[in-house]
Amino acid sequence: MNQQVTVRFAPSPTGHLHIGGARTALFNWLFARHNNGVFILRIEDTDRSRSTEEYISHIMEGMSWLNLEWDEGPFRQTERFDIYRDYVNTLLNQGKAYRCYCQPEELERKRQIAISLGQPIKYDGKCRDINMPSSSIPAAVRFKMPKEGLTIVNDLIKGQVIFDNSQLEDLVIMRSDGTPTYNFVVVADDIYMKITHIIRGDDHLNNTPKQIHIYEAFDCLPPQFAHLPMILGHDKSRLSKRHGATSVLAYRDMGYLPEALVNYLVRLGWSHGDQEIFTRNELIELFSLQNIGKSAAVFNPEKLLWLNSQYIMDSDDEKLAEMSLPFLIKKGLITQRQKVDINWLAKAVCLLKERSKTLDELASSLGYFVLDSIKIDPKAAEKFLKVEGLRYISELREALHELATFSTAEIEKVFSAIAERNNVKLGSIAQPARVALTGGTSSPGIFELIEVIGRERTLKRLDEVVSRGIITKH
RNA sequence: GUCCCUAUCGUCUAGUCCGGCCUAGGACAUCGCCCUUUCAAGGCGGUAACGCGGGUUCGAAUCCCGCUGGGGACGCCA
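What you see is a predicted model, and the numbers here were worked out from it, not measured in a lab. (Residues numbered from 1 in each chain as written. Chains lettered and ligands numbered in written order. Predicted model: local features only at pLDDT ≥ 70, side-chain atom pairs only at ≥ 80, totals over all residues. Heavy atoms only, no water.)

### A few points about the overall build of chain A
Right, so step 1: The secondary structure content of chain A amounts to 19 helices and twelve strands.
Right, so step 2: Over its C-alpha atoms chain A spans a radius of gyration of 32 Å, topping by over 25% the 23 Å that the globule rule assigns to 474 residues.
Right, so step 3: Counting only C-alpha atoms, chain A reaches 105 × 50 × 40 Å along its principal axes.
Right, so step 4: Sorting the 474 residues of chain A into buried and exposed places 49% on the buried side.
Right, so step 5: Residue pairs at least 24 apart in sequence account for 75% of intrachain contacts in chain A once pairs closer than 6 positions are excluded.
Right, so step 6: When the accessible surface of chain A is summed, it comes to about 23700 Å², and 50% of that surface belongs to carbon and sulfur atoms.
Right, so step 7: Where the 59 positive side-chain charges of chain A centre and where its 61 negative ones centre are 4 Å apart. (Helix = DSSP H or I, 4+ residues; strand = E, 2+ residues; numbered from the N terminus. Rg over C-alpha atoms; globule rule 2.2 N^0.38 Å. Buried < 20%, exposed > 50% of the residue type's maximum accessible area, 1.4 Å probe, protein only. Contact = heavy atoms within 4.5 Å. Areas by Shrake-Rupley, 256 points an atom, 1.4 Å probe, with all protein chains shown as cover. Lys, Arg positive; Asp, Glu negative; His and termini not counted. Charge placed at Lys NZ, Arg CZ, Asp CG, Glu CD.)

### Some words on the side chain of His243
Right, so step 1: Position of His243 relative to the elements: it lies in the loop between strand 11 (231-232) and helix 7 (248-253).
Right, so step 2: Within the local environment of His243, its side chain forms a polar contact with the side chain of Asp235, the two groups lying 2.7 Å apart.
Right, so step 3: At 3.4 Å, the side chain of His243 forms a polar contact with the side chain of Ser237.
Right, so step 4: Apart from the residues within four sequence positions on either side, His243 is in contact with Gly233, His234, Asp235, Ser237 and Arg238. (Polar contact = N/O pair within 3.5 Å; in protein donor to acceptor, adjacent residues only side chain to side chain.)

### Here's the deal with the sheet that holds strand 5 (residues 140-143)
Right, so step 1: Taken in spatial order, the three strands make up an open sheet running 4-5-8, and their pairing is antiparallel. Bordering the open sheet on either side are strand 4 (97-100) and strand 8 (172-174), each of which pairs with just one other strand. The mean angle between the axes of side-by-side strands here comes to 45 degrees, regardless of whether they run parallel or antiparallel.
Right, so step 2: Relative to strand 5, strand 4 runs antiparallel, the two being bridged by four bridges. (Pairing = 2+ DSSP bridges. Axes fitted to C-alpha atoms, helices over the stretch in contact; angles between N-to-C directions.)

### Some details on the confidence of the model for chain A
Right, so step 1: On average, residues of chain A carry a pLDDT of 92, and 97% of them reach 70 or more.
Right, so step 2: The ipTM for the predicted assembly is 0.95, set against a pTM of 0.94. (pLDDT = per-residue confidence, 0-100.)

### Observations regarding the sheet that holds strand 3 (residues 72-76)
Right, so step 1: Pairing is parallel in the open sheet, where three strands are placed in the order 1-2-3. Among the strands making up the open sheet, the edge pair consists of strand 1 (6-9) and strand 3. Adjacent strand axes in the sheet meet at a mean angle of 25 degrees, parallel and antiparallel pairs treated alike.
Right, so step 2: Examined bridge by bridge, strand 1 and strand 2 (residues 38-43) share four bridges and lie parallel to one another. Each residue of the ladder has a partner; that of Arg8, found in strand 2, is Ile40.
Right, so step 3: Packed onto the sheet, helix 1 (residues 19-34) meets strand 1 and strand 2 and runs at close to 165 degrees relative to strand 1.

### Brief notes about the packing of aromatic side chains
Right, so step 1: One pass over the structure, following the stated rule, counts eleven aromatic pairs.
Right, so step 2: For the ring pair Phe184 and Phe218, a centre distance of 6.0 Å and an interplane angle of 45 degrees mean the geometry is tilted. Of this pair, Phe184 sits in helix 5 (residues 182-192) while Phe218 sits in the loop between helix 6 (208-217) and strand 10 (224-228); the two residues are 34 residues apart in sequence, bridging distant segments of the chain.
Right, so step 3: Phe184 sits in the buried class, given a relative accessible area of 0%.
Right, so step 4: Members of the aromatic cluster, each reached through a chain of ring pairs, are Phe27, Trp270, Phe278 and Phe287.
Right, so step 5: The residue whose ring lies beneath Arg80 is Tyr192, and the NZ or CZ to ring-centre distance is 4.2 Å.
Right, so step 6: Just above the ring of Tyr123 sits the side chain of Arg142; from NZ or CZ to the centre is 3.5 Å. (Phe/Tyr/Trp six-rings, centres within 6.5 Å; stacked < 30°, edge-to-face > 60°. Lys NZ or Arg CZ within 6 Å of the ring centre and 35° of its normal.)

### Here's the deal with the protein's contact with RNA strand B
Right, so step 1: Every one of the 63 residues lining RNA strand B counts as a neighbour, but Gly118, Arg175, Gly269, Arg355 and Arg434 are closest to it.
Right, so step 2: Side-chain polar atom of Arg238 to a phosphate oxygen of RNA strand B: 2.8 Å apart, as the coordinates give it.
Right, so step 3: The residue inventory of the surface near RNA strand B, partitioned by class, reads 21 nonpolar, 21 polar and 21 charged. (Near = heavy atom within 4 Å. Nonpolar A, V, L, I, M, F, W, Y, C, P; charged D, E, K, R; others polar.)

### Here we look at the pairing of strand 5
Right, so step 1: Every second residue of strand 5 is oriented toward a common face, with Ala140 and Arg142 on one face and Val141 and Phe143 on the other, all of them buried.
Right, so step 2: As judged from the two bridges shared by strand 5 and strand 8, these two strands associate in the antiparallel manner. Looking across to strand 8, one finds that Arg142 is bridged to Val172.

### Description of the nonpolar core
Right, so step 1: Counting residues in hydrophobic clusters, the biggest one holds 106 residues, and the most contacted among them are Phe27, Phe369, Leu400 and Phe415.
Right, so step 2: If one sorts the elements of this core by residue count, helix 1 sits on top with nine residues.
Right, so step 3: Apart from residues no more than four positions distant in its own chain, Phe27 is found in contact with Ile199, Leu228, Leu265, Val266, Leu268, Trp270, Phe287 and Ile292.
Right, so step 4: Counting residues in each nonpolar core, the second largest holds 32 residues, with Val187, Ile212, Ile214 and Ala217 among its members. (Core = buried A, V, L, I, M, F, W, Y, C linked by side-chain atoms within 4.5 Å.)

### With respect to the environment of Arg128
Right, so step 1: On the secondary structure map, Arg128 appears in the loop between helix 4 (104-117) and strand 5.
Right, so step 2: Remark: the alpha-carbon pair of Arg128 and Gly20, spanning 108 residues in sequence, is separated by 38 Å.
Right, so step 3: With near-sequence residues (within four places) excluded, Arg128 lies in contact with Tyr98, Lys144, Met145, Lys147 and Asp170.
Right, so step 4: Of note is the side chain of Arg128, whose polar atom sits 2.9 Å from the backbone oxygen of Met145.

Below is the structure:
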């Protein structure tokens, strides 16, 4: 039996695609690609009250942004309710499931009593053997779990895990309103879609023995299971909103590159020796379930930020320039309609990219390239735009004005000449110039900077500073 | 409470299966130095870990048992 590897990512649309979900999706995707298999997207929306269309599109948008393209789907479970109902009836007819007339309040009361007595919290099986005839009273349907014996899960990551069947309860597979529940539809769909490997968070490990019995009820062989360790927050609790941005799209909006997030996520739990940075193709080639660790990992934003800076440094200038456009607009540094010369912007990006950890940061620095007039940091002006500095700037202005070839090399010569003439260090001229041109005290190399800003804008900014300096003196 | 998973630097991890090559390697962060017109980037170096207790063995991070810590699950949620 040489079945094609088929995996699925099955989020429930009750929230955004978060970091943990994205990693589950990523590992499924990698496993599929590595094995030339099929990656299915399935929306688990059986809980109609909590599922929304908006979340469905957010999830798909997040996956698309990360370039985790799915081969089939999205399938929605709400579209398949009739099929599930037939399945439930089959089990009912075979005596593998039964109607339960217990009321939620009653069950809740029993649960509370069990907790207070320190007893296992488990359905007592009240309706299991009383064989109620079907009636018009709404009833939930429960699956008959074996009462004794062991269920063994051979997990591809965790190894052999043994469960005592006495721990298993008769779970509800169909609510009294006729809608099916998670543990049942997962199995039904995984059978129907011929899923060969279930790769999911290890919070589902305890569901696995229950699901195995449902497979058996349908006379089906369960697929292979691989339970991924969880991602934790800095305080080692489950990653949540409290830990900052957990939505994948929030990272996009903060200026992260999808490749960087993917690279970060894959190293959370998976490793290949000492290698930290992987191309997409390397990941596909090298990925294996065997190299996934067993223990939970703490999400570390600093390392993600570092990876992002690495990816930015390695990115093509023009591509980065294009990508920074939305950030420039968002920051109000350019207008929606403004035409920006991408080739020119790319030159600025080239100077900035090894100093920017995010696209957002890059766009901020791009400000002093694209803006007509800049704001000058008062502290910087205080320090560098005093009499001396302004005098050098005037000299610089004249020399740059006269300069025949406006190139980095020639600009450097201008600076050297002024420094020599005044018998001061290069920094004495470079810092005032930097403040005048960028508004602050840190920037790329001053010569390259001037070349890219261009003669016209450079002269204008130097003039502004000089005239302002004279005014403040009075 | 019951069940399940898990345990190497602050964090991600290599090493664990098949004990000696581990005076435990890499990366992020951090500290110092170098480079330098600023800020970065880069280079070099430092601090920093096998949770604890018992075994087994000539020898244990690695195998076994217990403890402790952490996480998860126990819904007519998924």
